[in-house]
Structures are given as structure tokens and as C-alpha cells.
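# Reading the structure
Spelled out from the first residue to the last, the chains are:
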Amino acid sequence: MKRNLIVTAITLLSAIGLLSAQEPLEGVYGIDHAKKLVVATGKLPEGIKPFKKTIELRGESYTYYRSEMPLITINTDGPIVNSPAVHGVITVTNANGNAITMDAGFKIRGTSSQQYDKKSYRVELWKDATGTEMIDTTFLGMRSDDDWNLEAMTAQPLRLRDKIANELWMEMYTLPYQESEPDALPGLRMEYADVFINNEYVGVYALTERMDRKQLGLRKYNGEIRGVLYKGNGPGAPTFENLPAYDNTSDTWDNYEWVYPNEEEASIDWNHLYSFTNFVMNASDNVFNAQYAAQIDKDNVIDYYLFINALKAMDNMGRNIFLARYKKSSTYLYLPWDLDAILGLDTDGSQTNWAGGLMSNGLFDRLTQDCTTNGFVASAKARYNVLYSTYLNPDHIMQLVQNQYNELLESGAYDREHEAWPDYTVDESQLTYMNDWLKDRFHYLDMEILADCGTWDVEEGTESQTIQVFPNPAKDRINVRFAEVGEAVVSLYDMTGRLVFSDTATTQYFIIPTQSFANGIYTLVTNIDRKQQVDRIVVN
């Protein structure tokens, strides 16, 4: 059953069996006797920052951490495995000392989580220890629900990429039916917490909402299927590369998983998704360009494409995607999920050191060839410029990263993570890598997204096209793209022959800011490998 209570230091002290202390401890805390570690949460007095110190407990030295990060304690009846869920009790306490204690079922989640010592978990809230009935509750200001995730973030070196990516997505994208469903969200909220499992401190986790009907505000089943939700788990039909026959007795179809409506409510029917996939794969160009907006929300796929490519999400074009429909008459929407392989990191957390390339699938391959007036490409270019001025630019994204990093650093989270997992050490050079990667990435995107329709991510093969300059006319920047990396001298002259800009480009993508230039015609001279190219550029 649900138990709301204020967990005092003495209550938790008794629960975990601390025998004695040489000095009183403040806040609500957990103790790992094997690691000789105390982790406490509680509001700190004004002017006092999170801290650690050495204390004496039971005649031994312990490290005591105090911050305002929430504390989660879990005690289970047995080891947590993939399936079935094992019964236990979870207590979630915020810095104010407000706590909620629930019966729950716990199991390991995520394919990649299996390979790491630090596991991610799924938490199902139970009405009682039998687990026959679920019960909703709200944690840490997030939605009220009976199903939660505890994300280990093991493959995220700074433990922040998935969180800031979801924040960015929810900043820039609004669901088309938001006015009708004001509580609906297109992404996930996450809250960090220190976690103890069976009296062992297991580090800093992110307690997260789940992507489901409730999160998206999809219309409920009412005797007929209205809102629907599918999850893409890999290549095949989700990437529009395969169109096998479907079986309505199965909750999966070629790497798609049926998520909503629940099978207990409605019979599975893959026909609508099959027809959509068939349309994308097999419609003629004329038919596709004329009718795709009646099948999938155009504004949504533009934002999704730009978002995924801004972050270069390596694993979100067939796997780790949700395809949703608000109601029976609605078009499909794409929603991202599990955004850890981003910002120049691969799925294992290693650096890719490559900021080029466009992420795509069979749908976007076709959309990016829609060169019609007000078609996908024209609309994506316009939207890119709008988003670049607000959310999708290196400075804003890096500010999200830096703010989250500072918060974790100041709270002592990285030190505590090292206490739980000694092989983990925070690497501040990741910030420099991300900052440099973002600059290179947006240089590349400026070249691609603002280039002529039909040329996105297409390699140019003729010598006359070794240097591309666009847009022309230019408004706030001139993009220069080289066929390969070299050392190029880039010079810009006004109509009087006066040199107004000169720099040496050592990357494949280069930007000349023009906001301070007077309107007029300029001459761009580029010298590379003993070759010179001259272009006339209009700035207005």
C-alpha cells in the first residue's frame, strides 16, 4: 500500500541498523557499511554548499556526503533480475524530508544495461506486496503514474546527455494537440537521485517518466482504437527497409512493438501501420509528395529530423523511437527515446570524433527529395533558421550541458559516483570535446541544410565543386564547404576592393558572420592547395 511519511534521520537510522555515532548526523540518509559511506539529503542552510567530511561511526571512519539531491532506498525480497519483477519496497525522499514509501516490483531494463555492472531498472508501483494491482503516485514533481524507470546512465561519461536532450526537445517542440491536452508532454522529465539497493549505495541515477499514452495525452480506447503508440526497436519496417506480412495475434511486427492500446482493452491491428509503411516505401514520387502530409505530421517530422541531426543521435532513426497517433483522424508523430548516443558519443560512450553525416531512414530519404514549393526541404530550411536563433545552436546546447554539469559537480554527484563505482572518474575534457564537436556539427549542418534541395549529404565529385559557398544572397552568415580538410585562406572584399574579412580555415566547414556587414555585393576569394576560387556574394 502507499505510505506517505516524513522520514526523519532517526527513522531511517533505525531502519538500516546504524548502531551509534560519535556526532549527530543531519538530514535523511542511507548508509553503506561495506563502503563506509553515508549519503544524506536535506535542505542546506543559506550560504552552505553541498559537502563531504569524515565522521566516526561505530568506532570507524566513514565518508559523509550531504547535498539536496533526492534519496531513493530500495529493499527487495531477492535479487533483481530481468524477469519477473521481484517484490520490494521503495522510498523516495526529497530535500525537504517529504517521503513516499511504496510496495513495488523491480526488474532490470534495457538491452545495453545487461553488459554493465551498474544496471538500469524498471519500477512498477504495487498496491500491496502481491503485485496483483498497480497504483499511481507522483515522485519529485513529475506526473502521477504506476510505472517508472531508474536510469543508470553508465554509457554517459558526464551522466547528463539523455536529460539535457529531453529538455532541449521539449523546449523546441510542441505537440499539435497541446491545447486540447495541456498536461501532455512530447518528452520525458528526469530527476537525479542517490540510490541505495539493499543497503548498498549504487550511485547517482535518473528517476524518469516513461513514454506512454499518459505522457503523450493520447485519446483512450473507448470501444474503438483512437490513440495508438508503437515503439521502434531496430531496422526493418521502422526504417522503411522491409515490409513483411503481419500477424495480429502478435504484439510485435518486424522490430515494431505494440504499446497502446493494451491488449486487454483492444485487439491488435497492424493494418494501419502496415499501410503507412507501404505508402512510404512504394508510392510514386508524385503521390508521395502530394499525400505524405496526410499520413504523418509535417511539422513534427521536420522538428524531429532537425533535432536528431543537431545532436547527431546515433540510435534514433529505427531503434529508440516512438510512433504515435493522437486520435483516429490524426496523422503520425515521431517521438525520441533513450537519447544517450548523442553529441559525438557512440552507444558505448566512446567518442566518435566525427561531426559530419546526416542521420536518416527510408522516410527521411524520401522527404529530403521533396523539392516542391513549401515542401519538406523548403520548410525544413525555414524552420532550421528559426530554431538556430533560439534553441538549436551550439551556444544554447552547450549552456544546457554546462549548467547540468555544474549542478552535478557542485552537488558532489561525481564524487559519490566514484565512491560507488571506483572505475568511474569524471572527465572534464568531455566539455571541451562537446563544445568543439557542436561547433563542427553546426558548421556541417549549415552547409547541408541550407544547400540546394536534393544535395543534402550528397558528395560532390567534380573539381569545380570542391568549394561550395551558400546561401546567396546571405543574411547573417556565409557558409563555405570544402570537399576535404585542408588549409584555406578565405578573404572577403567589398565593392571598393577593401578587405573586410580574412581568416584561415582548417576544417571542412567554415562560417563567415555577416551581421555587421553593410548590404551590398561582396567578392569572396578562397585559396587552397594552390587553387583559387572567386565567388560574388550578395549580403542583404
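Heads up: the structure comes first, above all this text.
Treat the numbers as computed from the prediction; the structure is a model and nothing was measured.

Take the packing of aromatic side chains next. Per the stated rule, a full pass over the model turns up 34 aromatic pairs. In textbook terms, an aromatic cluster arises when at least three aromatic residues are bridged by ring pairs, as seen for Tyr230, Phe240, Tyr246, Trp253, Tyr256, Trp258, Trp270, Tyr274, Phe276 and Tyr332. Across the ring face of tyrosine 205, the terminal group of lysine 118 is positioned such that the distance to the ring centre comes to 4.7 Å. The residue whose ring lies beneath arginine 159 is tyrosine 424, and the NZ or CZ to ring-centre distance is 4.1 Å.

Here the focus is the nonpolar core. One finds Tyr334, Leu343 and Phe376 to be the most contacted residues of the largest nonpolar core, which totals 110 residues. No other element matches helix H11 (residues 429–449), which puts ten residues into this core. Among all residues touching leucine 343, those that are not within four sequence positions of it are Arg161, Ile164, Leu311, Ile397, Val401, Tyr433, Met434, Trp437 and Leu438. Within the second largest apolar cluster, 25 residues are counted, among which are Ile80, Phe106, Val202 and Leu207.

The strand order across the open sheet formed by five strands is S16-S17-S15-S18-S19, and the pairing between neighbours is antiparallel. The sheet is open, and its two edges are formed by strand S16 (252–253) and strand S19 (332–336), each paired on a single side. Taken together, the two bridges between S16 and strand S17 (residues 256–260) define a ladder with antiparallel strand orientation. The residue bridging threonine 252 from the neighbouring strand is glutamate 257, located in S17. Packed on one face of the sheet, helix H6 (residues 298–311) meets strand S18 (319–325) and S19 and runs near 20° to S19.

Calculation notes
Residues numbered from 1 in each chain as written. Predicted model: local features only at pLDDT ≥ 70, side-chain atom pairs only at ≥ 80, totals over all residues. Heavy atoms only, no water. Phe/Tyr/Trp six-rings, centres within 6.5 Å; stacked < 30°, edge-to-face > 60°. Lys NZ or Arg CZ within 6 Å of the ring centre and 35° of its normal. Core = buried A, V, L, I, M, F, W, Y, C linked by side-chain atoms within 4.5 Å. Buried < 20%, exposed > 50% of the residue type's maximum accessible area, 1.4 Å probe, protein only. Helix = DSSP H or I, 4+ residues; strand = E, 2+ residues; numbered from the N terminus. Contact = heavy atoms within 4.5 Å. Pairing = 2+ DSSP bridges. Axes fitted to C-alpha atoms, helices over the stretch in contact; angles between N-to-C directions.

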